[in-house]
Amino acid sequence: MSKVTMLNMAGQEVGTIELKDAIFGIEPNQNAVHAVVKNILANRRQGTQSAKTRAEVRGGGRKPFRQKGTGRHRQGSSTDPSQVGGGVVFAPKPRSYRYTLPKKLRRLAMLSALSSKVQEKEMIVIDEIKFDEPKTKEMVKMLAAVNAEKKALIVTAEKDYNIVKSAANIPGVRTALVTTMNVYDIINHTNFIVTKEAVEKIEEVYS
């Protein structure tokens, strides 16, 4: 088991925590991570694009100009795609981009993302994060104390309203639960801040 230094909200060392190698110490599989990130982004697409085909645009009731003598190409309908204001060939329509991946692949990608954060020393374990009230200034102070002023993902075991609201207005900072965090958010944030309780829950969920 690898050991990681545990900090408090003031950035002081308060001990170490052992991490299971089966979860935080595997060789990251970049192909699995790429596949899952691509899947997450595809599932987020709205798919609300729409354009009209030649059957849907207005007009086309009469021949736009006579067959011969105009010097223009022969045309039978103003709705033809070659005409200004005509329909679109293979027009995009509302659709779903969602697709699923095997559970084993998604699990491998998650373990790879967690392990890469440990290997790159971008995982910050805090013994406890607690605020008496929502206070953005206090959250900024804590992030500065643990050297996490860049993009940071804060993961907790249980939802805490004060933590969520304190981080809501800070650019580049996002909060998540162990059960809602995903591979894209983990690798998209420079710092992976996790509480001791959340680490224990991650090991419980993925063991």
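Our subject is the structure listed above.
Position labels on residues start from 1 in each chain and follow its written sequence. Restriction of local features to residues with pLDDT of at least 70 applies here, the model being predicted, together with a cutoff of 80 or more for giving and counting side-chain atom pairs; totals for whole chains, interfaces and linings are based on all residues. In computing side-chain values, all of the structure's heavy atoms are included and hydrogens and water are not.

Quick notes on the overall build of the protein chain
Let me state the cut-off plainly: Under the scheme used here, helices are H or I runs from DSSP no shorter than 4 residues and strands are E runs no shorter than 2 residues, and both carry numbers assigned from the N terminus. Both definitions apply: the radius of gyration is a C-alpha atom measure, and the globule rule equals 2.2 Å times residues to the power 0.38. Working definition: with a 1.4 Å probe on protein chains only, accessible area under 20% of the residue-type maximum means buried, over 50% means exposed, and in between means partly exposed. Any two residues whose heavy atoms approach within 4.5 Å are treated as being in contact. Using the Shrake-Rupley algorithm and a 1.4 Å probe, accessible areas are obtained, with residue cover drawn only from the displayed protein chains. In this tally Asp and Glu are treated as negative and Lys and Arg as positive; neither His nor the chain ends contributes. Where a charge sits is defined by one atom per residue type, namely NZ (Lys), CZ (Arg), CG (Asp) or CD (Glu).
Counting its secondary structure elements, the protein chain contains 7 helices and 6 strands. Taking 207 residues into account, the globule formula puts the C-alpha radius of gyration at 17 Å, and the protein chain, at 27 Å, lies well above it. Expressed as a percentage of its 207 residues, the buried residues of the protein chain come to 40%. Counted over contacts in the protein chain with a minimum sequence separation of 6, partners at least 24 positions apart contribute 69%. Taken as a whole, the protein chain presents about 12,700 Å² of accessible surface, with 49% of it coming from carbon and sulfur. Taken together, the 34 basic and 21 acidic charged side chains of the protein chain have centroids lying 22 Å from each other.

Re the sheet that holds strand E6 (residues 191-195)
Spelled out, the test is: For two strands to be treated as a pair, DSSP must find no fewer than two bridges joining them. Geometry is summarised by axes, namely lines fitted to C-alpha atoms with helices restricted to the contacting stretch, and by angles between N-to-C directions that run from 0 to 180 degrees.
Overall, mixed pairing links the 6 strands, which are arranged E2-E1-E3-E6-E4-E5 in an open sheet. Edge positions in the sheet fall to strand E2 (13-19) and strand E5 (173-177), since each has one partner strand and no second. Neighbouring strand axes in the sheet, compared pairwise and without regard to direction, differ in orientation by 30° on average. Relative to the sheet, helix H7 (residues 196-206) contacts strand E1 (2-7), E2, strand E3 (123-126), strand E4 (152-156) and E6, its axis offset from that of E6 by approximately 90°.

So, the pairing of E6
The element E6 is largely enclosed, with a buried count of 5 among its 5 residues. Here E6 shows no split at all, with Asn191, Ile193 and Thr195 on one side and Phe192 and Val194 on the other all buried. Across 4 bridges, the pairing between E3 and E6 is parallel. Bridge assignment links methionine 123 to a residue of E6, and that residue is phenylalanine 192. As defined by bridge partners, E4 adjoins E6 across 4 bridges and the pair is classed as parallel.

Considerations on the nonpolar core
The following threshold applies: Working definition of a nonpolar core: buried Ala, Val, Leu, Ile, Met, Phe, Trp, Tyr and Cys residues. They are joined through side-chain atoms within 4.5 Å.
One finds Phe24, Leu114, Met123, Met181, Phe192, Val194 and Ile202 to be the most contacted residues of the largest nonpolar core, which totals 35 residues. Looking at this core, the element that brings in the most residues is helix H3 (residues 103-119), giving 6 residues. Beyond its immediate stretch of four places on either side in the chain, valine 194 contacts Met123, Ile124, Val125, Ile126, Val155, Val199 and Ile202. With 17 residues, the next largest nonpolar core counts Ile129, Val146, Ile163 and Val173 among its residues.

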